[in-house]
Amino acid sequence: MLKVLCSGIFLLFFICTQAYSIDFDYKKVSDFKKLSDFSSVEKFESELAKYVEDCLANTGGGTGGLRCYIGSNVWDRELNIYYQKLNSKLSQQEKTLLKKSQLTWLKNRDDTIEFVTEFLVNRYPRQGTMFRLMQAGDLDAVMTPFIKQRALFLKRWFEFESQAEPEPVKG
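One structure accompanies this document, and this report is about it.

Rules and cut-offs
Residues numbered from 1 in each chain as written. Predicted model: local features only at pLDDT ≥ 70, side-chain atom pairs only at ≥ 80, totals over all residues. Heavy atoms only, no water. Core = buried A, V, L, I, M, F, W, Y, C linked by side-chain atoms within 4.5 Å. Buried < 20%, exposed > 50% of the residue type's maximum accessible area, 1.4 Å probe, protein only. Helix = DSSP H or I, 4+ residues; strand = E, 2+ residues; numbered from the N terminus. Contact = heavy atoms within 4.5 Å. Salt bridge = Lys/Arg side-chain N within 4 Å of Asp/Glu carboxyl O. Patch = residues over 30% accessible without salt bridge, like charges linked within 9 Å, V, L, I, M, F, W, Y side chains within 5 Å. Areas by Shrake-Rupley, 256 points an atom, 1.4 Å probe, with all protein chains shown as cover.

1. Points about the nonpolar core
Okay, so step 1: The biggest cluster of nonpolar side chains holds 28 residues, and the ones touching the most others in it are Tyr51, Trp75 and Leu154.
Okay, so step 2: Every element with two or more residues in this core is listed here: α2 (41–57), α3 (71–89), α4 (92–123) and α5 (129–163).
Okay, so step 3: Excluding its chain neighbours within four sequence positions, the residues that come into contact with Tyr51 are Phe24, Asp25, Tyr26, Lys27, Phe32, Arg67, Cys68 and Ile70.

2. Section: the pattern of salt bridges
Between side chains of opposite charge, a pair can form when the charged atoms approach closely.
Okay, so step 1: Tallying each qualifying case throughout the model produces seven salt bridges.
Okay, so step 2: Lys148 is paired through a salt bridge with Glu45; the nearest N and O atoms lie 3.0 Å apart. Linking Lys148 in helix α5 with Glu45 in helix α2, this pair joins segments that are 103 residues apart in sequence.
Okay, so step 3: Here Glu45 falls in the partly exposed class, since its relative accessible area comes to 26%.
Okay, so step 4: A salt bridge links Asp110 to Arg109; the nearest nitrogen and oxygen atoms lie 2.8 Å apart.
Okay, so step 5: Taken together, the shared-partner salt bridges connect Asp76, Arg109 and Asp110 into one network.

3. Concerning a nonpolar patch on the surface
Okay, so step 1: Together, Phe153, Trp157 and Phe160 make up an exposed nonpolar region whose accessible area comes to about 330 Å².
Okay, so step 2: Position of Phe160 among the secondary structure elements: in helix α5.
Okay, so step 3: Assessed through its relative accessible area of 54%, Phe160 is described here as exposed.

The structure is reproduced here in structure tokens:
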């Protein structure tokens, strides 16, 4: 009897959490405010972290939570914004060097994702949605700071370039 009761409670919990997760309003990258809309990186990250926390708490776990791990994608958007802004301020030679640097970084990022993904696949059991969610969380925990660092690097150089003193006019 206890076994049947426990099974019934589990089934009820599963059905309720699945129904609840369907109602969660997942955000797309474009739904998040940009870093430039915040007074600090910390406030930007706080809003992102709150979304992830709320998302995970309201999607019932398993594969429903996979879309919650959006941090690396949001930071990738910021990276692209600051790449374009910085690129618009540079001479042709500097643009060429920035592009070369960015392509090298992208290769490193892709190689890192490949390694971390393979590493995590070999560390978790291959069955169960919980383990897929744990893999996604671990991948996001590694890649978000990696991409954030590059985005902030480009932001810093854009701001540095924007504050540069103009050369005096000779005449």
